[in-house]
Amino acid sequence: MKVRVLVSFKDSVLDPQGQTVMNALHTLGYGSVRDVRQGKVFDIALENLTKKEAETLVPEIARKVLANPIIEKFVWQFIESE
Amino acid sequence: MKFGVVQFPGSNCDWDTFTVLQNVMKQATVMLWHKDHDLQGVDCVVLPGGFSYGDYLRSGAIARFSPLMREVTAFARRGGLVLGICNGFQVLLEMGLLPGAMLRNKNLKFLCQHVHVRIENAGTAFTRAGRRGQVLRIPIAHFDGNYYAPPRTRDRLARGRQVVLRYCDADGALTDDANVNGSLDSIAGVVNEAGNVMGLMPHPERASETVLGSTDGRVIFASLIQTLSRRKTGAPRKTRGRR
């Protein structure tokens, strides 16, 4: 079983890296880009647990380790195992 | 009085800090390995600067899971003095021993330069050898020193006078230019509510010997020594903030 966790800054937190990417895109002429937020992706392989247990475990891991809840938020989903 | 300097894989200011405490400030000092479970009876724990665990995930994020940090948390909860310098500050934030978080510097550059910081609260265990408004010249060296706290935390910091140091110019004025990393309210150092845990981004250990161009950093170490000697002699403790 695999899950993907996406961590990004909360909307209230300034993201200078995202801003820099946006400015670069504007410089290249992509004027329709209104905002860029940069984040992190974690693909995690799990074993020996049910889907239901994963639904408890993944948010716990995300809150405790992957994201800093003061500045970051996360979303996650099950992904296809190859 | 005994100081302990914690070594993580990737710490690189550990021996600078050790040398200043032992040779300049003349204090008994030991190194504490992050995998140990024993604080060796130290009176003050210092988390030094560096790049613990390569700054992977987030600066300071992995170091907090080292076995010794459980002891450091218990020590802090008992009122033990804990000082975090630079990466040590980041570790204390990730551990939740200090409020707030660090973002990347506003200009996205690693900043390695001398800055000025102003003592905002000279009533803490870490600044009592200084005076309010005193300007210190101390170097910084960091990528993630852009201090951030959500509005409610920011209010609590103000109420408890927990902001200890702010970036300023040579005359002590708070300007945008002087706030090199973009920190909220120019915050360079904070103390916890109980007043026994402090973190700061500038490196006082790099400004404690004349040969290095500034001895202003000694104020922090001298304050700790004063605080500890008062505690030993049973003199009333000057505490900041409220529980």
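First, a word on what this report is: a plain description of the structure on this page. The structure presented is a predicted model; accordingly, all values stated were derived computationally and were not measured. (Residues numbered from 1 in each chain as written. Chains lettered and ligands numbered in written order. Predicted model: local features only at pLDDT ≥ 70, side-chain atom pairs only at ≥ 80, totals over all residues.)

**With respect to the overall build of chain B**
The cut-off we apply is this: Put simply, DSSP H or I for four residues or longer makes a helix, DSSP E for two residues or longer makes a strand, and each gets a number counted from the N terminus. As a reference, a globule follows 2.2 Å times the number of residues to the power 0.38, and the radius of gyration itself is taken over C-alpha atoms. Partly exposed residues are those falling between the two cut-offs: more than 12 but fewer than 20 other C-beta atoms within 10 Å of their own, whereas 20 or more means buried and 12 or fewer means exposed, with C-beta atoms placed from the backbone.
Summing up its helical and strand segments, chain B has five helices and 11 strands in all. In terms of C-alpha radius of gyration, chain B reaches 16 Å, essentially the compact-globule figure of 18 Å for 243 residues. Relative to its full complement of 243 residues, chain B shows a buried share of 54%.

**Observations concerning the overall build of chain A**
The number of helices and strands found in chain A is two helices and three strands. In terms of overall size, chain A is more extended than a compact globule, its C-alpha atoms giving a radius of gyration of 16 Å where 82 residues would be expected to give roughly 12 Å. Dimensions of chain A along its principal axes, counting C-alpha atoms only, are 50 × 30 × 15 Å. Across the 82 residues that make up chain A, the buried fraction comes to 10%.

**Focus: the sheet that holds strand β10 (residues 187-191) of chain B**
Residues and elements named next belong to chain B. Let me state the cut-off plainly: When DSSP finds two or more bridges between two strands, those strands count as paired. To get an axis, a line is fitted to the C-alpha atoms, and for a helix only the part in contact is used. The angle between two axes follows their N-to-C directions and goes from 0 to 180 degrees.
If you trace the nine strands from one edge of the open sheet to the other, you get β2-β1-β3-β4-β11-β10-β9-β6-β7, paired in mixed fashion. Each edge of the sheet is formed by a strand with only one pairing partner; in this case those strands are β2 (28-33) and β7 (135-142). Each strand axis lies, on average, 25° off the axis of its neighbour in the sheet, ignoring direction.

**Quick word on the pairing of β2(B)**
Residues and elements named next belong to chain B. The condition that has to hold: Crossovers are marked right-handed if the path from the first strand over the helix to the second runs clockwise, as seen with the strands pointing away from the viewer.
Pairing geometry for strand β1 (residues 2-7) and β2, over six bridges, is parallel. The residue bridging K2 from the neighbouring strand is A28, located in β2. Traced from β1 through helix α1 (residues 14-24) to β2, the parallel crossover comes out right-handed.

**Some points on the sheet that holds strand β1 (residues 2-9) of chain A**
Residue and element names in this part refer to chain A. Taken in spatial order, the three strands of this open sheet run β2-β1-β3, and their pairing is antiparallel. At either margin of the open sheet sits one strand with a lone partner, and together these are β2 (39-45) and β3 (72-79). If you compare each strand with its neighbour and ignore which way they point, the axes differ by 20° on average. With eight bridges connecting them, β1 and β3 associate as antiparallel partners.

**Overview of helix α2 (residues 51-66) of chain A**
Residue and element names in this part refer to chain A. Under the convention used in this document: This arc describes the spread of directions from the helix axis toward the C-beta atoms. Contact criterion: two residues are in contact if their C-beta atoms, reconstructed from the backbone, are within 7 Å.
Along α2, the residues that are buried comprise V58, A62 and L66. The arc that holds the buried residues of α2, viewed along the axis, is 45°, so those residues lie on one side. Pointing more than 90 degrees away from the buried face of α2 are the exposed residues K52, E53, T56, E60 and K64. Buried-residue contacts for α2 involve β1, β2 and β3.

**What about the interface of chain A and chain B?**
Rules: Gly is placed with the polar residues, together with every amino acid not listed as nonpolar (Ala, Val, Leu, Ile, Met, Phe, Trp, Tyr, Cys and Pro) or charged (Asp, Glu, Lys and Arg).
With seven residues of chain A at the contact, the number on the chain B side is 10 residues. Counted by class, the side of chain A that touches chain B contains four nonpolar, three polar and no charged residues.

**Brief notes about helix α1 (residues 16-27) of chain A**
Note the threshold: Here a helix's expected span is defined as the number of its residues, less one, multiplied by 1.5 Å.
Between the first and last C-alpha of α1(A) there are 16 Å, a value that for 12 residues agrees with the 16 Å anticipated at 1.5 Å per step. Directly after α1(A), the chain includes A:G29, whose backbone phi takes a positive value near 100°.

**Focus on the pairing of strand β6 (residues 111-119) of chain B**
Residues and elements named next belong to chain B. Across eight bridges, the pairing between β6 and β7 is antiparallel. Its bridge partner lying in β7, C112 is registered against A141. Pairing of β6 with strand β9 (residues 163-168), which is carried by four bridges, proceeds in the antiparallel orientation. Bridging across to β9, V117 finds its partner in Y167.

**Considerations on the nonpolar core**
Put simply, the test is: For this entry, the nonpolar core is defined as buried Ala, Val, Leu, Ile, Met, Phe, Trp, Tyr and Cys residues connected by C-beta atoms within 7 Å.
With 71 residues, the main nonpolar core has B:V45, B:V82, B:L83 and B:L92 as its most contacted residues. Among the nonpolar cores identified, the runner-up in size contains five residues, and A:V5, A:V58, A:L66 and A:A67 belong to it.

**Side note on unusual backbone geometry**
Residue and element names in this part refer to chain B. With phi around 50°, Y53 is a residue other than glycine that occupies positive phi space. By secondary structure assignment, the location of Y53 is in the loop between β3 (44-47) and α2 (67-77). Phi angles above zero are rare outside glycine, and D185 is one such case at about 55°. Assessed through the 15 C-beta atoms surrounding it within 10 Å, D185 is described here as partly exposed.

**Description of the environment of B:F51**
Residue and element names in this part refer to chain B. The residue F51 is located in the loop between β3 and α2 in this model. Judged by C-beta crowding, with 20 C-beta atoms within 10 Å, F51 ranks as buried. F51 sits 43 residues away from F8 along the chain, and the two C-alpha atoms are 8.6 Å apart. Residues in contact with F51, not counting those within four places in the same chain, are G10, N12 and N87.

Don't take any of this as a statement about function, it's just geometry.
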